[in-house]
Structure formats: C-alpha cells, structure tokens
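What follows is each chain in one-letter form.
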Amino acid sequence: MEVKGKIIQKFDLQSGTSKAGNPWKKQNYLLETLEGIPRKIYFDFFGDRADQFNFNVGDVINLYFDIESREYQGRYYTDIRGWKAEKVVDTPAGAAPAAAPAPAAAAPAPEPMAPAPSVDNLTPTAEDDLPF
C-alpha cells in the first residue's frame, strides 16, 4: 500500500534483544496525510530499515507499507510497517512546474463491433471437442 504525507512526530528509537538472542530496533513515526480530510497514521520501520529511512519532522514522504494484525491473549493488535519511503522533493518557489504533456491528436472513431453470433452458430461442431 502507499500513502503520501508529512511527518508530524518522530519517536525515540526502540531497541532490544529477542528471546533468541538477536538484536532488533524499531523507529516509529506519526504521519499526517495530505488529503482533503487529513488522517494520522502511526507507523514504524523495523530492523535495518530503521537506519536506512531516517526522516525528520516536517519531511513530506511517499510511504510504502504493509498492514499486519496479530492476536495476543484474545485481543488483536495492528502494525503498519514501512518497507520503503521516498522523500518528496518540492519545486523551489518561483520555479516553473514541469510542462504538462502535449494533448494527443484526436483519436479516430472506433470501428463498429461485429454482431453477436446467433444461436445457430453456437452449436458444437466436429472440431469442437470440449466436453462442455
């Protein structure tokens, strides 16, 4: 899934060691979407991605993420885990935006459709060896 938004809060880096003895780390963020009605999304980057994607408050990003729910003692918890993010680069003030593509030439009128086959044409022939 993908969403575009602005980082409005960056939380402290969390780290630890799993029961199997493997080190882990997680960086949490709060993102506000840039839609007409802004939504807040709490998400994280886990493992090496916590170092790979380091954003600051105010950065506008495209976030690619997965949603996963898990059950613990009869209750369900949902994580939004980022797997890729790209910082959106705004054009400087006064710079002309990229030119819009030229409109395509008028397309020719579509060809009329062939008439539907009649019921007589739907009867099986010796070539048609399908069992249905």
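Above this text sits the structure in question.
Trainee: I would appreciate a short explanation of the packing of aromatic side chains in the present structure.
Mentor: What the rule picks out here adds up to 9 aromatic pairs. Ring geometry for Tyr 29 against Phe 43: centres 5.5 Å apart, planes inclined by 20°, an arrangement best described as stacked. Within this pair, whereas Tyr 29 is found in strand β3 (residues 23–33), its partner Phe 43 is found in strand β4 (residues 40–46), the two being separated by 14 residues in sequence. When sorted by exposure, Tyr 29 lands in the same class as Phe 43, which is buried. Every member of this aromatic cluster is reached through a ring pair, and the members are Tyr 29, Phe 43, Phe 45, Phe 53 and Phe 55. In this structure, Lys 84 packs its charged tip against the face of Tyr 64, placed 5.1 Å from the ring centre.

Conventions we followed
Residues numbered from 1 in each chain as written. Predicted model: local features only at pLDDT ≥ 70, side-chain atom pairs only at ≥ 80, totals over all residues. Heavy atoms only, no water. Phe/Tyr/Trp six-rings, centres within 6.5 Å; stacked < 30°, edge-to-face > 60°. Helix = DSSP H or I, 4+ residues; strand = E, 2+ residues; numbered from the N terminus. Buried < 20%, exposed > 50% of the residue type's maximum accessible area, 1.4 Å probe, protein only. Lys NZ or Arg CZ within 6 Å of the ring centre and 35° of its normal.

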